[in-house]
Each structure stands twice: as C-alpha cells, then as structure tokens.
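Structural overview
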Number of protein chains: 2
Amino acid sequence: MARPSNRLPVLPIERALKVISGRWKAVILYHLLDGPRRLSELTRLLPEISQKVLVQQLRDLEAHGLVHREVYRQIPPRVEYSATSLGLSLEPVMVALCQWGQRHAEALNEHDPVRDCIIRPARHGVSAADATHE
Amino acid sequence: MARPSNRLPVLPIERALKVISGRWKAVILYHLLDGPRRLSELTRLLPEISQKVLVQQLRDLEAHGLVHREVYRQIPPRVEYSATSLGLSLEPVMVALCQWGQRHAEALNEHDPVRDCIIRPARHGVSAADATHE
DNA sequence: TCCCATACGGACCAGACGGTAACCATGGCT
DNA sequence: AGCCATGGTTACCGTCTGGTCCGTATGGGA
C-alpha cells in the first residue's frame, strides 16, 4: 500500500462509494479480476484513458488496498497490477451495481440499446481465484 | 421527473455509480426508505447538510428517477419527497455496499471503532412497502 | 405592520477531479 | 550516437461539486 490511506468517510456506504467511484476505477478493477495486468496491457485495453490518469486511478486503488502493485526490476521495466483479496471481494457488489444500472437504464430510456454489462453478468467456469496478494 | 435526465454513462456500473455517488445521496435515500419525508424533516434529520445542498441532491435524485417530489399547495408550503420503486430497488445494492464498506474498514484500520451501518443491516418487521409513486 | 414558517433560488467561491501535452530515466539494440 | 520500449512524472487547466451566505415568495398570526 502506498500511503496509510488518508481519511475515508466513516459511514461504510460512503466509504465504499468513495473508494470505487473514481472515473475509471470500476472498469479498471474489472480488467484486474482475471489476474495481473501490466500497465502497458491496461493502456492497450483501455485506450480512452490517458496513461497519467490510468496510473492515478491505479495508485488510488492501491492506496485503498484494492490493488497490488508488483515491480519487477528488469529492462525494460515490468510492473504488474493485480486485485487484492479485498479488491476481489468487491466483485459481487460491482455485479449488483451493474445489474441495477441496467434496470435503471431500462426504466428510464428503454429506447436506448441496452449495453452489455462490463462486469461479468454470470460466470460459468472462471478462474479468478489465483494470484491474490496482500 | 424534472429534466429528461441528461446523458448518463452507458456502462451500467458507471451509470449506477454516477446516480448514487453524490456527497449525500446514499444517506438521503436511506432516510426515504421508510416513507415520504418533508424537506424540513430531512433538514432536521441531517443537520450537517445545508438546505441548498439538500435540495440539490434531492433534485438530482428526482431527475434520475429515484425520488418522487410531491407538492401540496398549502400555506405554509408542504413538499414531500419519497423513494420511487426504482429508488427502493436500490436498497439491496446499498446494503451490499455498506457491508463491503465495513469489511474494508476492518481490513484497513481495524483500530478504528467500526461504525454502525447507516443502511439497515438486517430488517425484521419493516414497512417500506407503501407509498411508491413514480 | 412586523414576524414566522416553509421551501426554495442565486451569487460566489475553493478544492477535487479529470484531461492534455510534454518531459524523464533506464539500458538494450543497431 | 540515436532510437526503442516501459513506466512513469510534471506543469497546466477547465469543469464539476459542494459549500457558505443571503434573498425571496406566500399567507397566517400577534
């Protein structure tokens, strides 16, 4: 973890929201659910995010204990970001949020084509129970 | 509903987060789970929020279909805010967020006294199945 | 006539947040 | 010497958000 985690809200729900409601945090976390990713991988997976912002969001997630950052001293450098167990434990909550978001979209502007849920909607045989770190 | 709901993010999870992650929205919504509340009631229940900000948050919630605003033309004026069915449907998600928030608090700074969850942790005989509006 | 309660609305402001663009350090390869 | 890839960082900036303070409209009651 980077810093001793600056003061978060005391109410659990506000704390939870504060921790995951950054502009790209949910999407980033989603891409880490399947295992570690290098920064360059994430950059390629999420071209809409500038690298600076990506690093920023990752560092926030790290500071809040959701993401682990592993540096391999190689040339060229290799840095891997992975979800901690705390980060992984957020998945069901994210799924719930996603499902509610779909419901919300249907309830309001049903004319809009309902987009696929980025958070896995239903898992069959998945292997997200490995490198957990922290 | 106030406005036709300005464009929300397309990804369901981002949409959900955008809709509920205002500074006071979760807490406000919590207080509406049990039924309609007058603005003055909410002001008294949540003294830390200035009335202007309270109205602001309520109007956002209304614009996004989570809250219904009922005006009674009386003197002095009477305005009641209540959760719509869409708003009520968010409760389980908020509970999940709250539980995860507690877990997060314990995982990081367990020395801090774990605060009670503002979102009802387990309900016994509750009557939140009434005025639903929308 | 003045004051009260209710339910706002506008002016103004400071900080957080996200975004662009450019720069930097390392060491291998040619 | 110059270029490449990786993984950053720094400077700067515009917008959004929440916050304070104060004004306003209505009509009842003293």
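Whatever comes next refers back to the structure up there.
Residues numbered from 1 in each chain as written. Chains lettered and ligands numbered in written order. Predicted model: local features only at pLDDT ≥ 70, side-chain atom pairs only at ≥ 80, totals over all residues. Heavy atoms only, no water.

Taken together, 21 residues lie around DNA strand C, and R23(A), W24(A), K52(A), R69(B) and Y81(B) are the ones closest in. In the interface set of DNA strand C, defined as its atoms within 4 Å of the protein, sugar plus phosphate atoms amount to 69%. A distance of 2.6 Å separates a phosphate oxygen of DNA strand C from a polar atom in the side chain of W24(A). Here a phosphate oxygen of DNA strand C sits 3.0 Å away from a polar atom, N or O, in the main chain of S40(B). At the level of secondary structure, the elements contributing two or more residues to the surface near DNA strand C comprise α4 (51-63) of chain A together with α3 (39-45), α4 (51-63) and β3 (78-83) of chain B. When residues in the surface near DNA strand C are grouped by element, the largest group, 4 residues, is from α4(B). Along the lines of polarity and charge, the residues of the surface near DNA strand C split into 9 nonpolar, 5 polar and 7 charged. (Near = heavy atom within 4 Å. Polar contact = N/O pair within 3.5 Å; in protein donor to acceptor, adjacent residues only side chain to side chain. Helix = DSSP H or I, 4+ residues; strand = E, 2+ residues; numbered from the N terminus. Nonpolar A, V, L, I, M, F, W, Y, C, P; charged D, E, K, R; others polar.)

Moving on to the sheet that holds strand β1 (residues 37-38) of chain B. Residue and element names in this part refer to chain B. Strand order in the open sheet formed by 3 strands is β1-β3-β2, and the pairing between neighbours is antiparallel. Lying at the two open borders of the sheet, with one neighbouring strand each, are β1 and β2 (67-72). Across the sheet, helix α2 (residues 25-32) touches β1, β2 and β3, and the angle it forms with β3 is around 100°. (Pairing = 2+ DSSP bridges. Contact = heavy atoms within 4.5 Å. Axes fitted to C-alpha atoms, helices over the stretch in contact; angles between N-to-C directions.)

Time to look at the nonpolar core. Formed by 78 residues in total, the largest nonpolar core has its most connected members in L66(A), L97(A), L58(B), L66(B) and L97(B). For L97(B), the residues in contact, after removing those within four places along its chain, are P12(A), I13(A), A16(A), L17(A), I20(A), V93(A), L97(A) and I20(B). (Core = buried A, V, L, I, M, F, W, Y, C linked by side-chain atoms within 4.5 Å. Buried < 20%, exposed > 50% of the residue type's maximum accessible area, 1.4 Å probe, protein only.)

Interpretation in functional terms is not warranted from these geometric data alone.
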